[in-house]
Amino acid sequence: MDPLQRLTAATRERTAAGLHRTLRPRPPVPSLLDLASNDYLGLARDARLAEGAIEAVRKWGTGSTGSRLVTGTTELHAELEHRLAEFTGMPSALVFSSGYLANLGALTALRPRLIVSDQGNHASLIDGCRLSRAAVTVTPHGDVAAVDAALTGSADAVVATDAVFSVDGDLAPLRELHRVVRRHGAILLIDEAHALGVVGPGGRGAAYAAGIAGEPDVVLTATLSKSLGAQGGAVLGAPEVIETLIDTARSFVFDTGLAPACAGAALAALDVLVAEPDLPERARARALHLAGVARELGLETTSPAAAVVPVIIGDPNEAVRAAELCADDGVRVGCFRPPSVPVGRACLRLTARADLGEADLTAVTRVLANVKKRTRPYPAPNAGATRR
């Protein structure tokens, strides 16, 4: 076979296994009820964020014009970094053009000899581990004792974990992990992507809620593209950490700075959160409601700590079919299959939003009942295998 034939054959294999992906462009006004996006607070179409973006474009232009170390840092970026640090209770912050790049930059620039990584971590943390050239120990999900054992006898280590895990929606045991990290003289790196804006007082994040924000051995990463309804990422930590990133993080040094529109929208989102501190609680309440509906219907789910609610189907083809049934009934949901989840744990991922109304919740009940009736949501025999 020539190279293109090999690629075509591999695509056929993925399709047969239920692992082929398709891009589905959406219209400007969604025709389906959105339970698939990460717009947890419903701010992505908020007029206040749009105004923040427009004002930034008028003042600073459409692009940042260069890397952050050349011309890509504006006063707007500096203001956003100050506000993010203040909001999360961290000493300082550095804005990246995506949350993915923030994780790559943090793990590679810290240059630890050992990274201890939770089995359920997001792909950006996994890729950061690979690029760091450090020794990597993957520990069972949420297992603090395994982290403690992995750190024993090790120097210069980083423990990396999601705050809220992106598929199961559960919260990492951050207080316990921090105690272990401090005892071993390590650093705790927490990805707040699915926690910022949803967890903690006023949505200040899981580290803030755990009482460890601002500690010198804690580094946070975050994205601006979920609860904040914008785009971009950030690393937050001690000034020494930020200085190291500016000097050595390749995903910062060699990348174009975040566009002004995104920075302006993110700043406006922080203003909204300060003005409406009940938004995070509303998002969490909607998530608990959705999980309760799934459970009452006999579908496997978790107890969500934030806005993510998985409905475990098991088989990838059945998960695709379930997502199509939901769309046919007017609700768009996420469909997660390997390698995004472990083999045997293909699922629908419902994301709650603070602005969901009673009619929306009724519609979700209807579509999940249809999923239960018309699919076979049972885990595959090899459920639980790692996705790494």
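Residues numbered from 1 in each chain as written. Predicted model: local features only at pLDDT ≥ 70, side-chain atom pairs only at ≥ 80, totals over all residues. Heavy atoms only, no water.

1. Thoughts on the side chain of Ser64
Worth spelling out the cut-off: Elements are defined by DSSP. Helices are runs of H or I of four residues or more, strands are runs of E of two residues or more, and each kind is numbered from the N terminus. Any residue under 20% of the maximum accessible area for its type is buried, any over 50% is exposed, and the rest in between are partly exposed; the area is computed with a 1.4 Å probe on protein chains only. Two N or O atoms count as a polar contact when they lie within 3.5 Å, although within protein this holds only if one can serve as hydrogen donor and the other as acceptor, and sequence-adjacent residues are included solely when both atoms are side-chain atoms. Here, residues are in contact when the closest pair of their heavy atoms is within 4.5 Å.
Along the chain, Ser64 falls in the loop between α2 (47-60) and α3 (75-88). Looking at Ser64, the relative accessible area reads 5%, which means it is buried. At 2.7 Å, the side chain of Ser64 forms a polar contact with the backbone oxygen of Gly257. Those residues in contact with Ser64 that lie beyond four places of it in its chain are Thr71, Gly72, His77, Thr256, Gly257, Leu258, Ala259 and Pro260.

2. A few points about the packing of α3 against helix α11 (residues 260-275)
So the rule is basically this: The axes are straight lines fitted to the C-alpha atoms, using for helices just the contacting stretch, and the angles between their N-to-C directions are given from 0 to 180°. If an angle is under 35 degrees, it is roughly parallel; if it is over 145, roughly antiparallel; if it lies from 65 to 115, roughly perpendicular; otherwise it is oblique. Take the far helix as the reference: if the near one is turned anticlockwise from it by less than a right angle, the crossing is left-handed, and if turned clockwise, right-handed. For this classification, the nonpolar set comprises Ala, Val, Leu, Ile, Met, Phe, Trp, Tyr, Cys and Pro, the charged set comprises Asp, Glu, Lys and Arg, and every other residue, Gly included, is treated as polar.
Orientation of α3 relative to α11, taken along the N-to-C sense of each, is 30°, at an axis distance of 10 Å. Between α3 and α11, the angle is such that the two are roughly parallel. As α3 runs across α11, the sense of the crossing is left-handed. Between α3 and α11, the contacting residues are Leu76, Glu79, Leu80, Arg83, Leu84 and Phe87 on the first element and Pro260, Ala263, Gly264, Ala266, Leu267, Leu270, Asp271, Leu273 and Val274 on the second. Tallied by class, residues from the contact of α3 with α11 come to 11 nonpolar, one polar and three charged.

3. Observations regarding the nonpolar core
The cut-off we apply is this: As used here, the term nonpolar core means buried Ala, Val, Leu, Ile, Met, Phe, Trp, Tyr and Cys residues forming a set that is joined through side-chain atoms within 4.5 Å.
In terms of nonpolar packing, the biggest core is built from 94 residues, with Leu80, Leu84, Leu151, Ile190, Leu348 and Leu350 touching the most fellow members. In terms of residues, this core owes the most to one element, α11, which gives 10 residues. With sequence-adjacent residues up to four places away left out, Leu84 is seen in contact with Ala93, Val95, Leu224, Leu228, Ala234, Leu236 and Leu270. If you look at the next biggest cluster of nonpolar residues, it comprises 22 residues, including Ala106, Leu125, Ala160 and Val253.

4. Some thoughts on helix α4 (residues 99-109)
The buried fraction of α4 amounts to eight of the 11 residues, a majority that puts the element mostly inside the structure. Of the positions making up α4, those classed as buried are Gly99, Ala102, Asn103, Leu104, Gly105, Ala106, Leu107 and Ala109.

5. A look at the side chain of His194
Tracing the backbone through its elements, the reader meets His194 in the loop between β6 (187-191) and α8 (206-210). Here Tyr40 takes part through its side chain, which lies 2.6 Å from a polar atom of the side chain of His194. When sequence neighbours within four positions are dropped, the list of residues in contact with His194 reads Asn38, Tyr40, Val164, Ser166, Lys226, Ala306, Val308 and Arg349.

6. Here's the deal with unusual backbone geometry
Here the bond from Pro338 into Pro339 is cis, since omega is 10°, no more than 30 degrees from zero. Note on placement: Pro339 falls in the loop between β10 (331-336) and β11 (346-351). Despite not being glycine, Arg111 shows a phi value in the positive range, around 50°. For Arg111, the position within the fold is in the loop between α4 and β3 (114-118).

7. Focus on the state of the cysteines
Applied cut-off: Here, a disulfide means two cysteine sulfur atoms that sit within 2.5 Å of each other.
All chains considered together, the criterion is met by zero disulfides. With no disulfide of its own, Cys347 has Cys335 as its nearest cysteine by sulfur position, at a separation of 7.7 Å.

8. Quick look at the pattern of salt bridges
Working definition: two side chains of opposite charge can pair if their charged atoms are close together. Selection criterion: In the sections that follow, a salt bridge refers to a side-chain nitrogen of Lys or Arg positioned within 4 Å of a carboxyl oxygen of Asp or Glu.
One pass over the structure, following the stated rule, counts 12 salt bridges. One connected set of salt bridges, linked through shared partners, spans Asp46, Arg48 and Glu276.

9. Focus on the pairing of strand β8 (residues 233-237)
The criterion, for reference: Here, a strand pair is defined by DSSP locating no fewer than two bridges between the strands.
Most of β8 is tucked away: five of the five residues are buried. Of the two faces of β8, the one lined by Gly233, Val235 and Gly237 and the one lined by Ala234 and Leu236 are each fully buried. Examined bridge by bridge, strand β2 (residues 92-96) and β8 share five bridges and lie antiparallel to one another. Directly across from Ser92, in β8, lies its bridge partner Gly237. For strand β7 (residues 218-223) and β8, the ladder comprises four bridges, and the chain directions are antiparallel. Paired with Thr221 across the strands is Val235, a residue of β8.

10. Some points on the environment of Ala155
The topology assignment puts Ala155 in the loop between α6 (144-151) and β5 (157-162). In this structure the C-alpha to C-alpha distance between Ala155 and Gly185, which are 30 residues apart in sequence, comes to 7.5 Å.

11. Regarding α2
Heads up, the rule is: A helix's residues, less one, multiplied by 1.5 Å, set its expected span. Within this analysis, the arc is defined by the directions that extend from the helix axis to the C-beta atoms.
Over its 14 residues, α2 extends 20 Å from the first C-alpha to the last, a length consistent with the 20 Å expected when each residue adds 1.5 Å. Among all positions in α2, only Leu49, Gly52, Ala53 and Ala56 are buried. An end-on view of α2 places all buried positions within 95° of arc, on one side of the element. Facing away from the buried side of α2, by more than 90 degrees, are the exposed residues Ala47, Glu55 and Arg58. Where α2 is buried, its residues touch α3 and α11.

12. Some words on a positive patch on the surface
What counts, and what does not: Residues forming no salt bridge and having over 30% relative accessible area are the ones grouped into patches, like charges within 9 Å of each other and nonpolar side chains (Val, Leu, Ile, Met, Phe, Trp, Tyr) within 5 Å. Residue burial considers only the protein chains on display, and all accessible areas are found by Shrake-Rupley using a 1.4 Å probe. When charges are counted, Lys and Arg contribute as positive and Asp and Glu as negative, whereas His and the chain ends are disregarded. Think of each charge as sitting on NZ of Lys, CZ of Arg, CG of Asp or CD of Glu.
Taken together, the side chains of Arg24, Arg26, Arg45 and Arg332 define a basic patch exposed on the protein surface. Turning to its location among the elements, Arg332 is positioned in strand β10.

13. As for the sheet that holds β3
The strand order across the open sheet formed by seven strands is β2-β8-β7-β6-β5-β3-β4, and the pairing between neighbours is mixed. Each of the sheet's edge strands pairs with one partner strand only, and the pair in question is β2 and β4 (135-139). Direction aside, the axes of adjacent strands within the sheet are offset by 20° on average. As defined by bridge partners, β6 adjoins β7 across four bridges and the pair is classed as parallel. Among the inter-strand pairings, Ile190 is bridged to a residue of β7, identified as Leu220.

All quantities given are derived from atomic positions and should not be read as evidence of function.
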